[in-house]
Amino acid sequence: MKKTFIKTKNVKRFVALMDELQKLPPNIPKLALVYGDHGLGKSQTIQWWADKNDSVYVRATQGMTSRWLLSEIAEELGEEPYWHTQETFELIENYLRQNPKIIIVDEIDYLIEKHTVETLRDLHDRTACPIVLVGMGAADKKLARYPHLVDRLYKTLKFEQFNAEDITEILQQITDLEFTPDAINYLTTRTNQFRQLVKLINKIEKLSETNKIDEIFPFAAACIKPPLLESQKQRLFLLGITEKYRKQDMSSFVISSQCNNCMAYQAKYKRKTATAK
């Protein structure tokens, strides 16, 4: 599997949002909310962007207080935080006034529960620096409890689940295997989370290498759908389209007797060839 960062539709929309935030005039609020279900690549996307840009990235954790949050931000700025929260806040404020940076805070849900998110609103108001809040699928509803903060949101961006176009682009960039359009459509119905898809492709690649398969069609995908991957008791094989398959030679198939999808297709194939004879 190729190690590369994939610019999906969600990534491109995020990059566009960050460009907008940096170009806003001083009198426009620069808070933004990025949210979506788990497994869609939010954290990978913001870390990728933060590494390539002069920004501050902080990941919130369970029980994080304002003092803890400000200490993390100060350290990311290369400054030594003070013991007192107010002094650390002023340290960050003075730094950002002289050296403006975008601040990205991941796992914002933890800060909403503890009301620590209010500290970020204060920091935004005092420095006018863009602050991007990144949270889970219900983060927008949780933030609704803070109308004065929501009022400062310039824009919200929801990471959407992958469609066939996204999955096609992901497959093209991280694997050399060829997937037929039907196989891609099948994958779209089985998983639209990035982490699950990467695990699935990794499994397909290993089984393809073992069985000398270079093209994947729907029954191959059906044999290794995510729920089955978790089972340690089944050994699953791929079905592939090869030259032998096109000549209707059953020896081209690698069939698992424990896989209902494979056996169903084998039975269908035998009935079809028997009728033809």
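Every chain begins its residue count from 1, and numbering advances along the sequence as written. Local features are withheld for residues below a pLDDT of 70 in this predicted model, meaning they are given only at 70 or higher, and side-chain atom pairs are given and counted only at 80 or more; totals for whole chains, interfaces and linings count all residues. The basis for every side-chain value is the complete set of non-hydrogen atoms in the structure, without hydrogens or water.

**A closer look at the overall build of the chain**
Numbering of helices and strands runs from the N terminus; a helix is a DSSP stretch of H or I covering at least four residues, while a strand is a stretch of E covering at least two. When you go through the chain residue by residue, the secondary structure sums to 15 helices and seven strands. Relative to its full complement of 277 residues, the chain shows a buried share of 47%. Residues are treated as being in contact if the distance between any of their heavy atoms lies within 4.5 Å. Within the chain, contacts between residues separated by at least 24 positions form 71% of all contacts whose residues are at least 6 apart in sequence. Accessible area of the chain: about 14,900 Å², with a carbon and sulfur share of 47%. Each residue gets one of three labels from its accessible area relative to the maximum for its type: buried under 20%, exposed over 50%, partly exposed in between, using a 1.4 Å probe on protein chains only. Accessible areas in this description were obtained via Shrake-Rupley with a 1.4 Å probe; residue shielding takes into account the shown protein chains only.

**A look at the nonpolar core**
Among the nonpolar cores identified, the biggest contains 33 residues, and Ile-73, Ile-108, Leu-111 and Leu-133 are the most heavily contacted of them. Here this core takes five residues from helix α4 (residues 85–98), the largest share from any one element. If near-sequence neighbours (up to four positions away) are discounted, Leu-133 is found in contact with Ala-32, Leu-33, Val-34, Val-105, Ile-108, Val-117, Leu-120, Leu-143 and Leu-149. Each nonpolar core is a collection of buried residues, namely Ala, Val, Leu, Ile, Met, Phe, Trp, Tyr and Cys, held together in the definition by side-chain atoms within 4.5 Å. In terms of nonpolar packing, the next biggest core, distinct from the first, is built from 20 residues, Leu-21, Ile-104, Val-134 and Phe-159 among them.

**Quick word on helix α2 (residues 42–52)**
In an α-helix, one turn spans 3.6 residues; hence positions three or four apart end up facing the same way. When we look at burial in α2, the residues that qualify are Lys-42, Thr-45, Ile-46, Trp-48, Trp-49 and Ala-50. Buried residues belonging to α2 abut α1 (9–23), β1 (31–35), β2 (55–59), β3 (102–106) and β4 (131–135).

**Description of the pairing of β4**
Along β4, five of the five residues are buried, which leaves the element largely enclosed by surrounding structure. With burial as the criterion, each face of β4 is covered, one bearing Ile-131, Leu-133 and Gly-135 and the other bearing Val-132 and Val-134. Inspection of the sheet shows β1 paired to β4 by five bridges, in the parallel sense. Counterpart to Val-34 in the pairing with β4 is Val-134. Alignment of β3 against β4, held across three bridges, turns out to be parallel. Bridging across to β4, Ile-104 finds its partner in Val-132. When DSSP finds two or more bridges between a pair of strands, those strands are recorded as paired.

**Regarding the pattern of salt bridges**
The working definition used for a salt bridge is a side-chain nitrogen of Lys or Arg within 4 Å of a carboxyl oxygen of Asp or Glu. Applying the stated criterion across every chain, the model contains 11 salt bridges. Lys-155 is the salt-bridge partner of Glu-20, the closest N and O atoms lying 2.9 Å from each other. A residue pair is termed long-range when its members are at least 10 positions apart, and Glu-20 in helix α1 and Lys-155 in strand β5 (residues 153–158) qualify at 135 residues. Here Arg-152 ties to Asp-125 by a salt bridge, and the two come within 3.0 Å at their closest N and O atoms. Separated by 27 residues along the polypeptide, Arg-152 in the loop between α8 (147–150) and β5 and Asp-125 in helix α6 (residues 117–127) bring together distant segments of the chain. Under the relative-accessibility criterion, Arg-152 is labelled partly exposed at 22%. Owing to a relative accessible area of 37%, Asp-125 belongs among the partly exposed residues under this scheme.

**Structural notes on unusual backbone geometry**
Phi is positive for His-115, which is not a glycine, with a value near 65°. Examined against the element boundaries, His-115 turns out to sit in the loop between α5 (109–113) and α6. Although it is not a glycine, Ala-128 adopts a positive phi angle of roughly 65°.

**Re the packing of α1 against α2**
Where α1 contacts α2, the two axes come as close as 10 Å, and the packing angle between them is 45°. Judged by the angle between their axes, α1 and α2 are oblique. Considering only the axes of α1 and α2, their crossing is right-handed. In this structure, α1 contributes Val-11, Phe-14, Val-15, Met-18 and Gln-22 to the contact, and α2 contributes Thr-45, Ile-46, Trp-48 and Trp-49. Structural elements are reduced to axes, namely lines fitted to C-alpha atoms, with helices fitted over the stretch in contact, and the angle between N-to-C directions of any two is expressed from 0 to 180 degrees. Each angle gets one of four labels, with under 35 degrees taken as roughly parallel, over 145 as roughly antiparallel, 65 to 115 as roughly perpendicular, and the rest as oblique. Take the far helix as your reference; a near helix turned counterclockwise from it by less than a right angle gives a left-handed crossing, and one turned clockwise gives a right-handed crossing.

**Notes on the packing of helix α3 (residues 66–76) against α4**
Running from N to C, α3 and α4 point in directions that differ by 35°, and their axes come no closer than 9 Å. As for how α3 packs across α4, the hand of that crossing is left-handed. Counted together, Arg-67, Leu-70, Ser-71, Ile-73 and Ala-74 of α3 and Thr-85, Thr-88, Phe-89, Leu-91 and Ile-92 of α4 form the full contact between these two elements. Here the contact of α3 with α4 is composed, by residue class, of six nonpolar, three polar and one charged. Under the grouping applied here, Gly and all other residues not named as nonpolar or charged are polar, the nonpolar ones being Ala, Val, Leu, Ile, Met, Phe, Trp, Tyr, Cys and Pro and the charged ones Asp, Glu, Lys and Arg.

**Describing α3**
Taken as a whole, α3 has its buried residues at Leu-69, Leu-70, Ser-71, Ile-73 and Ala-74. In this structure, the buried side of α3 is in contact with β2, α4, β3, α5 and α6. Just downstream of α3, Gly-78 is the residue with a positive phi angle, here 85°.

**Focus: the layout of surface pockets**
Of the pockets and cavities examined, the largest pocket occupies roughly 200 Å³. Contributing to the lining of the largest pocket are 17 residues, with Gln-22, Pro-100, Lys-101, Ile-102 and Pro-130 lying nearest its centre. If you list the elements that add at least two residues to the lining of the largest pocket, you get α1 and α4. Looking at the lining of the largest pocket residue by residue, the class counts come to nine nonpolar, four polar and four charged. Whether a set of points on the 1 Å grid over the protein atoms alone is a cavity depends on a 1.4 Å probe fitting there but being unable to get out, while an open set qualifies as a pocket with protein on both sides within 12 Å along at least five of seven lines; lining residues are those with an atom within 4 Å of a point. Grid points are joined across faces, edges and corners, and a volume is the space filled by probe spheres set on the points.

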